[in-house]
Amino acid sequence: MTTRVAIVGGTGKLGAIIREVVDAEDGFEIAATLSSRSELSELDGADLVIDASTPAVSIDVVRAAVERGINVLVGTSGWSAERIALIRPLVEAAGTGAVFIPNFSLGSVLGSALAAAAAPFFPSIEIIEAHRETKIDSPSGTAVRTAELIAAARAEVGPVESPHVDQRARGQQVASVPVHSLRRPGVVARQDVVLSGPGESLTLTHDTVEPALAYAPGIRLALAAARDVRGVVVGLDSFIDIGLRAPRAGSAAPVAEGGVPGQVARVTGA
């Protein structure tokens, strides 16, 4: 049986990559390609909605899918644990499924998991993320997800030490972790998690070099899972065993954000 897919934001950069993956997958066909300005009535008749729109539009896309009893796969940035918590009751009441993927790159998922695994051992942790100048939101969904995983992993030892966060230059706090966002030409996507302790530091870096190659395996994995899932699922790590047992963020109570709404990998020590 073929799954009919409607892609919202299918005319954008990520949407184009998703279209190529769906076109190449057996058992899936594209029923509709919508822009972020399209009428959501065009979702009618789809078996699965993939959202690659904008943060402002995404919540309407998810609600429209849930109201129609259609599962939804969300690749749009801006979905924090607090925002997902607003959608969870709607999904559960409808008996549908919603999969939120902050980053389709497997390397990024590993980088965030490694940061969470190391988090209890370092009192100071900060995130620096960089994307091309056309990215309209900040901080990135990947940075938010990483900060939430770090906070969950530090549940027993307490929040990270982040002095002087009342100063604007200290970044935005997400789950107590300062996040610094760069928007500049010449970069696709990069995240550095800097963990510091007495006399040493550990930096975990993930670079996306070629988006189509980096995202395609994760899109295929999420596509297959999103078709049949029930309830809310967050992160590619929910579908793969990466051998780390850091606590999951987003599976219980949302992590507070301080009132703010919301592929090359290297490990270096200094």
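What you see is a predicted model; the values in this text were computed from it and never measured.

### A closer look at the packing of aromatic side chains
In step 1: For the structure on display, the rule yields one aromatic pair.
In step 2: Relative to F100, the ring of W79 has its centre 4.8 Å away and its plane inclined at 50°; by these criteria the two rings are tilted. Of this pair, W79 sits in the loop between β4 (71-74) and α3 (81-94) while F100 sits in strand β5 (residues 97-100), and the two are 21 residues apart along the sequence. For the pair formed by W79 and F100, the shared burial category is buried.
In step 3: For the cation-ring pair, R83 lies above W79, with the distance from its terminal atom to the ring centre recorded as 4.5 Å.

### Digging into the UniProt feature "domain: Dihydrodipicolinate reductase C-terminal" (unreviewed entry) in the protein
In step 1: If you check UniProt for "domain: Dihydrodipicolinate reductase C-terminal" (unreviewed entry), the listed places come out as residues 112-236 in our numbering.
In step 2: Secondary structure content for residues 112-236 is 30% helix and 32% strand, and the end C-alpha separation is 11 Å.

### A short note on the sheet that holds β4
In step 1: Here we have six strands laid out as an open sheet, ordered β2-β1-β3-β4-β5-β11, and parallel in their pairing. Two strands in the sheet have a free side with no partner beyond their single neighbour: β2 (28-34) and β11 (231-234). Each strand of the sheet is rotated relative to its neighbour by a mean of 20°, with strand direction disregarded.
In step 2: Here strand β1 (residues 3-8) pairs with strand β3 (residues 48-51) via four bridges, running parallel. Paired with A6 across the strands is V49, a residue of β3.
In step 3: Contacts between α3 and the sheet are confined to β5 and β11, with β11 contributing the most and set at about 145° to the helix.

### Some points on the packing of helix α4 (residues 106-118) against helix α5 (residues 141-153)
In step 1: Where α4 meets α5, the closest approach of the two axes is 8 Å, and the angle between their N-to-C directions is 30°. By the angle class used here, α4 and α5 are roughly parallel. Judged by the twist between their axes, the crossing of α4 over α5 is right-handed. Residue-level contacts link S108, S112, A115 and A116 of α4 to T142, T146, L149, I150 and A153 of α5.
In step 2: A breakdown of the residues in the contact of α4 with α5 according to their chemical character gives five nonpolar, four polar and no charged.

Calculation criteria
Residues numbered from 1 in each chain as written. Predicted model: local features only at pLDDT ≥ 70, side-chain atom pairs only at ≥ 80, totals over all residues. Heavy atoms only, no water. Phe/Tyr/Trp six-rings, centres within 6.5 Å; stacked < 30°, edge-to-face > 60°. Helix = DSSP H or I, 4+ residues; strand = E, 2+ residues; numbered from the N terminus. Buried < 20%, exposed > 50% of the residue type's maximum accessible area, 1.4 Å probe, protein only. Lys NZ or Arg CZ within 6 Å of the ring centre and 35° of its normal. UniProt positions renumbered as here; feature names shortened; annotations may be inferred. Pairing = 2+ DSSP bridges. Axes fitted to C-alpha atoms, helices over the stretch in contact; angles between N-to-C directions. Contact = heavy atoms within 4.5 Å. Parallel < 35°, antiparallel > 145°, perpendicular 65-115°, else oblique. Left-handed = near helix turned anticlockwise from the far one by under 90°. Nonpolar A, V, L, I, M, F, W, Y, C, P; charged D, E, K, R; others polar.

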